[in-house]
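# Structural overview for review
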Amino acid sequence: AFGGASSCSTGCGYAPVPQKRLRARLEKIHGARVSIVGECYTSQRCSQCLRFLKKCLVGGEDVWALKRCDHCRSTAGTDLIWNRDRNASLNIMRIYLSLARTGLRPAEFGRNMN
């Protein structure tokens with residue numbers, strides 16, 4: 001949501017300062033509860049098994065937008081391929097739900113993980 005701040009109809013302008021104004025506007029005017037979730041490791045871990053993802057090579061070239069899990073399997077029986085953004089969004093939801101339920105961030109998404 002915040003990456004698209006300049007395309008928002010709130011009239012907030014361009015990032016990064018407008019993000020703070022956008023959050024304030026969402027909270028005060030629209031009554032939304034805004035939670036900030038750090039994205040550390042969210043695009044690097046599989047949203048199903050939480051293992052680190054591998055590069056996705058197509059024709060010997062690394063495709064930046066795709067990552068593969070060599071543990072999880074697709075319906076075709078091959079390594080599961082994730083769109084980086086979709087995978088990250090599922091992991092961010094997992095982090096949010098954990099924070100809302102327990103007040104703690106899942107250990108898999110801690111800053112000192114390798």
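Notes on the structure in this doc start here. Note that the structure is predicted; figures quoted are calculated from it, not measured.

### Brief notes about helix α2 (residues 84-102)
- Look at α2: 27 Å from first C-alpha to last across 19 residues, which is about the 27 Å you get at 1.5 Å a residue.
- Regarding α2, the residues found buried are Arg84, Asn87, Ala88, Asn91, Ile95 and Ser98. Mapping the buried residues of α2 onto a view down its axis gives an arc of 95 degrees, with all of them on the same face. Those residues of α2 that are exposed and angled more than 90 degrees off the buried face are Asp85, Arg86, Ala100 and Arg101.
- Where α2 is buried, its residues contact β2 (61-73) and β3 (79-83).

### Overview of the packing of aromatic side chains
- All chains considered together, the criterion is met by one aromatic pair.
- Relative to Phe52, the ring of Tyr41 has its centre 5.8 Å away and its plane inclined at 80 degrees; by these criteria the two rings are edge-to-face. On the criterion of sequence distance, the pair formed by Tyr41 in the loop between α1 (17-28) and β1 (54-58) and Phe52 in the loop between α1 and β1 is long-range, its members being 11 residues apart.
- The exposure class of Tyr41 is buried, given its relative accessible area of 16%.
- Relative accessible area serves as the criterion here: at 25%, Phe52 is assigned to the partly exposed category.
- The ring of Phe52 carries Arg45 above its face, with NZ or CZ at 4.1 Å from the centroid.

### With respect to unusual backbone geometry
- For Tyr41, which is not glycine, the phi dihedral falls at a positive 70 degrees.
- In this structure, Leu50 is a non-glycine residue whose phi angle is positive, near 70 degrees.
- Within the secondary structure, Leu50 sits in the loop between α1 and β1.

### Overview of the pairing of β1
- Bridge count for β1 against β2 is four bridges, and the pairing is antiparallel. Considered in β2, the bridge of Lys54 is made with Arg68.
- Following β1, the chain reverses through two residues before pairing antiparallel with β2; Gly59 in that reversal takes a positive phi of roughly 65 degrees.

Quick notes on the rules
Residues numbered from 1 in each chain as written. Predicted model: local features only at pLDDT ≥ 70, side-chain atom pairs only at ≥ 80, totals over all residues. Heavy atoms only, no water. Helix = DSSP H or I, 4+ residues; strand = E, 2+ residues; numbered from the N terminus. Expected span 1.5 Å × (residues − 1). Buried < 20%, exposed > 50% of the residue type's maximum accessible area, 1.4 Å probe, protein only. Arc of directions from axis to C-beta. Contact = heavy atoms within 4.5 Å. Phe/Tyr/Trp six-rings, centres within 6.5 Å; stacked < 30°, edge-to-face > 60°. Lys NZ or Arg CZ within 6 Å of the ring centre and 35° of its normal. Pairing = 2+ DSSP bridges.

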